[in-house]
Amino acid sequence: MTTHTCDALRACGSPLFTSSSKFTHPRSRTCRFSVQNCVMDPNTSRKLVLEVKEKLEKEHSNLPVGKNGRDDGDMILWFLKDRRFSVEEAVNKLTKAITWRQEFGVSDLSEDAVKKIAESGKAYVHDFLDVNDRPVLIVVASKHLPAVHDRLENEKLCVFLIEKVLSKLPAGKEQILGIIDLRGFGTENAELSFLTFLFDVFYYYYPKRLGEVLFVEAPLVFKPIWELTKPLLKSYASMVKFCSVETVRKEYFTEETIPVNFRD
């Protein structure tokens, strides 16, 4: 969670702000920001959403409309929060995200479309939420074989599963848990470009949706790969937690909800 000046936020869930969203505190005061805890007056939020819609229609009328399109109010509000309610920044990031979704063919992805690569068992959405009521996306690194599997098919599976896990978000919840099972990981499973693709997708197109990432039982061979990857992930690197299978069992799930591959 990053600290930003309240001037940049314009409004945040704090008594420092009046209902008209004007701040009255000294300029030196700061507040904590995240998509989850930043609050803006509903009327102001609606006005900003409308302003973004109008700019997108005027400047990017070629972008699609509908769910996840340039007139999707929920998506616009989420990106506004991510960009600290800066209309210009939200428009820029939304334009890139919507364009990417269209070019990548996100809406065309389906179980059938990724069936073959999914059968490898390299990744899946867990049937249960974790103890914090977050949907869970699990990656089995030892089954990721860059020399065997097609890169584009890997990316399609990745995006399809992100869409699927986000569809399981309970009301009031906004983030997911990612678990990367590194048991049995070897150099034949290493692919720096795919790992950065995964985090880039979350940063640019699904901002603030990834709450935490567990790297489970990382072997020594993974350390140099992580040292190369970590600088590329920037702030996302702080979301990573190296842990044991026992930690996953005891701290993230109940006896009934532990993923099959982490059971005894």
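Scroll up a little and you will see the structure.
Residues numbered from 1 in each chain as written. Predicted model: local features only at pLDDT ≥ 70, side-chain atom pairs only at ≥ 80, totals over all residues. Heavy atoms only, no water.

Draft legend 1. Structural detail: the overall build of the protein. Of the regular secondary structure elements, the protein holds nine helices and seven strands. Burial status across the protein gives 46% buried among its 264 residues. In the protein, 74% of the contacts between residues at least 6 apart in sequence involve partners at least 24 apart. Looking at the protein as shown, the accessible area adds up to about 14,000 Å², and 52% of this sits on carbon and sulfur atoms. (Helix = DSSP H or I, 4+ residues; strand = E, 2+ residues; numbered from the N terminus. Buried < 20%, exposed > 50% of the residue type's maximum accessible area, 1.4 Å probe, protein only. Contact = heavy atoms within 4.5 Å. Areas by Shrake-Rupley, 256 points an atom, 1.4 Å probe, with all protein chains shown as cover.)

Draft legend 2. Fine view of the side chain of Thr229. One can find Thr229 in helix α8 (residues 223–233). Owing to a relative accessible area of 0%, Thr229 belongs among the buried residues under this scheme.

Draft legend 3. Here's a closer look at the packing of aromatic side chains. In total, this model carries 15 aromatic pairs according to the counting rule given. Through successive ring pairs, a cluster of aromatic residues spans Trp100, Phe104, Phe199, Phe202, Tyr203, Tyr204, Tyr205, Tyr206 and Tyr236. The ring centre of Tyr203 lies 4.3 Å from the NZ or CZ of Lys93, which sits over that ring. The ring centre of Trp78 lies 3.7 Å from the NZ or CZ of Arg209, which sits over that ring. (Phe/Tyr/Trp six-rings, centres within 6.5 Å; stacked < 30°, edge-to-face > 60°. Lys NZ or Arg CZ within 6 Å of the ring centre and 35° of its normal.)

Draft legend 4. Structural view of unusual backbone geometry. Even without glycine at this site, Phe85 takes up a positive phi of about 65°. Within the secondary structure, Phe85 is located in the loop between α3 (73–82) and α4 (87–104). Overall, the relative accessible area of 2% leaves Phe85 in the buried class.

Draft legend 5. Structural detail: helix α6 (residues 151–166). The end-to-end C-alpha distance of α6 is 23 Å, a good match for the 22 Å that 16 residues give at a rise of 1.5 Å each. Of all the residues in α6, the buried ones are Asn154, Glu155, Leu157, Cys158, Val159, Phe160, Leu161, Ile162, Val165 and Leu166. Residues of α6 that are buried sit in contact with α4, α5 (115–118), β3 (123–125), β4 (136–140), β5 (176–181) and α7 (192–205). Where α6 begins, the side chain of Asp150 points an oxygen toward the backbone nitrogen of Leu152, at a separation of 3.1 Å. (Expected span 1.5 Å × (residues − 1). Polar contact = N/O pair within 3.5 Å; in protein donor to acceptor, adjacent residues only side chain to side chain.)

Draft legend 6. Focus on the packing of α3 against α4. As a packed pair, α3 and α4 sit with axes 9 Å apart at the nearest point and diverge in direction by 125°. One way to sum up the angle between α3 and α4 is to call them oblique. As for how α3 packs across α4, the hand of that crossing is right-handed. Touching Met75, Ile76, Phe79, Leu80 and Asp82 of α3 are Val87, Ala90, Lys93, Leu94, Ala97, Ile98 and Arg101, all from α4. (Axes fitted to C-alpha atoms, helices over the stretch in contact; angles between N-to-C directions. Parallel < 35°, antiparallel > 145°, perpendicular 65-115°, else oblique. Left-handed = near helix turned anticlockwise from the far one by under 90°.)

Draft legend 7. Summary view of the packing of α7 against α8. Remark: α7 packs on α8, axes separated minimally by 10 Å, with the N-to-C direction vectors making an angle of 30°. The angle between the axes of α7 and α8 places the two elements in the roughly parallel class. Between α7 and α8 lies a crossing of right-handed hand. Residues Leu192, Leu195, Thr196 and Phe199 of α7 form the contact with α8, whose participating residues are Leu228, Thr229, Leu232 and Leu233. Of the residues contributing to the contact of α7 with α8, the split by class is six nonpolar, two polar and no charged. (Nonpolar A, V, L, I, M, F, W, Y, C, P; charged D, E, K, R; others polar.)

Draft legend 8. Seen up close, the pairing of β5. Buried residues dominate β5, accounting for six of its six residues. Here β5 shows no split at all, with Ile176, Gly178 and Ile180 on one side and Leu177, Ile179 and Asp181 on the other all buried. Alignment of β4 against β5, held across five bridges, turns out to be parallel. Residue Val139 lies in a different strand from β5, and its bridge partner there is Ile180. Remark: the β4/α6/β5 crossover connection has right-handed handedness. When β5 meets strand β6 (residues 210–216), the two strands line up parallel, connected through six bridges. (Pairing = 2+ DSSP bridges. Right-handed = clockwise from strand over helix to strand, strands pointing away.)

Just geometry here; none of it tells us what the structure is for.
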